[in-house]
Amino acid sequence: MDYLYLSLLVIHISSAIFGVGPVFLFNMILRRAKTADQLRYAHHIVEKLNKNANLSFGILLVTGLILGWMSPYLFRQMWYIASIVLFLISGFYAILVVEPILKRLHQIASQSTSGEVSQEYKQLFRKKQARDMLANLMAIAIILLMIIKPVF
């Protein structure tokens, strides 16, 4: 049982590193693009990383719940419950608020024929950055809850 628990914990932590970590880089990748061609390529990279992140988020949720099922005392720990609640809130926030903007940015970038990044894209990107700040804060809060495991 301990070996299975430890294996699931390694999968859980690895999914966080390889899935959640790159999400923090999306804006940096997109911001670096100075031309429409670079922007299209940047969106190609972000799209690939986003698919990986979405898979990792699913693995995180499943492994986290299985770990709780294997150690039922976790469901009496506020840090664990708060992490799950924040995870679900951040997931819905990403799906309903951030993803539509990212898809619209991708659409604008793929239709761009000029050499420069359009003003419409720049304005929408600033809106996305503001929305990402909240999503990133939730992710950081979850990570801190998982590491510190505060008692409250």
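Residues numbered from 1 in each chain as written. Predicted model: local features only at pLDDT ≥ 70, side-chain atom pairs only at ≥ 80, totals over all residues. Heavy atoms only, no water.

1. Digging into the pattern of salt bridges
- A full pass over the atoms with the stated rule returns three salt bridges.
- Taking the shortest distance from any N to any O, the salt bridge between Asp-37 and Arg-40 comes out at 2.2 Å. Residue Asp-37 and its partner Arg-40 are located together in helix α3 (residues 36-70), separated by three residues, close to a single helical turn.
- Here Arg-40 falls in the partly exposed class, since its relative accessible area comes to 28%. (Salt bridge = Lys/Arg side-chain N within 4 Å of Asp/Glu carboxyl O. Helix = DSSP H or I, 4+ residues; strand = E, 2+ residues; numbered from the N terminus. Buried < 20%, exposed > 50% of the residue type's maximum accessible area, 1.4 Å probe, protein only.)

2. Observations concerning the environment of Pro-100
- The topology assignment puts Pro-100 in helix α4 (residues 78-111).
- Residues Pro-100 and Ile-140, spaced 40 residues apart in sequence, show a C-alpha to C-alpha distance of 22 Å.
- With near-sequence residues (within four places) excluded, Pro-100 lies in contact with Ala-94 and Ile-95. (Contact = heavy atoms within 4.5 Å.)

3. Looking at the layout of surface pockets
- When its volume is computed, the largest pocket comes out at roughly 1,300 Å³.
- Elements supplying a minimum of two residues to the lining of the largest pocket: α1 (2-23), α2 (26-31), α3, α4 and α5 (119-148).
- Residue classes in the lining of the largest pocket are distributed as 33 nonpolar, ten polar and five charged. (1 Å grid on protein atoms, 1.4 Å probe; cavity = no way out; pocket = protein on both sides within 12 Å on 5 of 7 lines; lining within 4 Å. Points joined across faces, edges and corners; volume = space filled by probe spheres on them. Nonpolar A, V, L, I, M, F, W, Y, C, P; charged D, E, K, R; others polar.)

4. Thoughts on the UniProt feature "transmembrane region" (unreviewed entry) in the protein chain
- Residues given the UniProt feature "transmembrane region" (unreviewed entry) here are residues 6-30, 51-71, 77-98 and 133-151.
- Annotation note: span residues 51-71, helix share 95%, strand share 0%, distance between end C-alpha atoms 30 Å.
- Its end C-alpha atoms 26 Å apart, residues 133-151 is made of 84% helix and 0% strand. (UniProt positions renumbered as here; feature names shortened; annotations may be inferred.)

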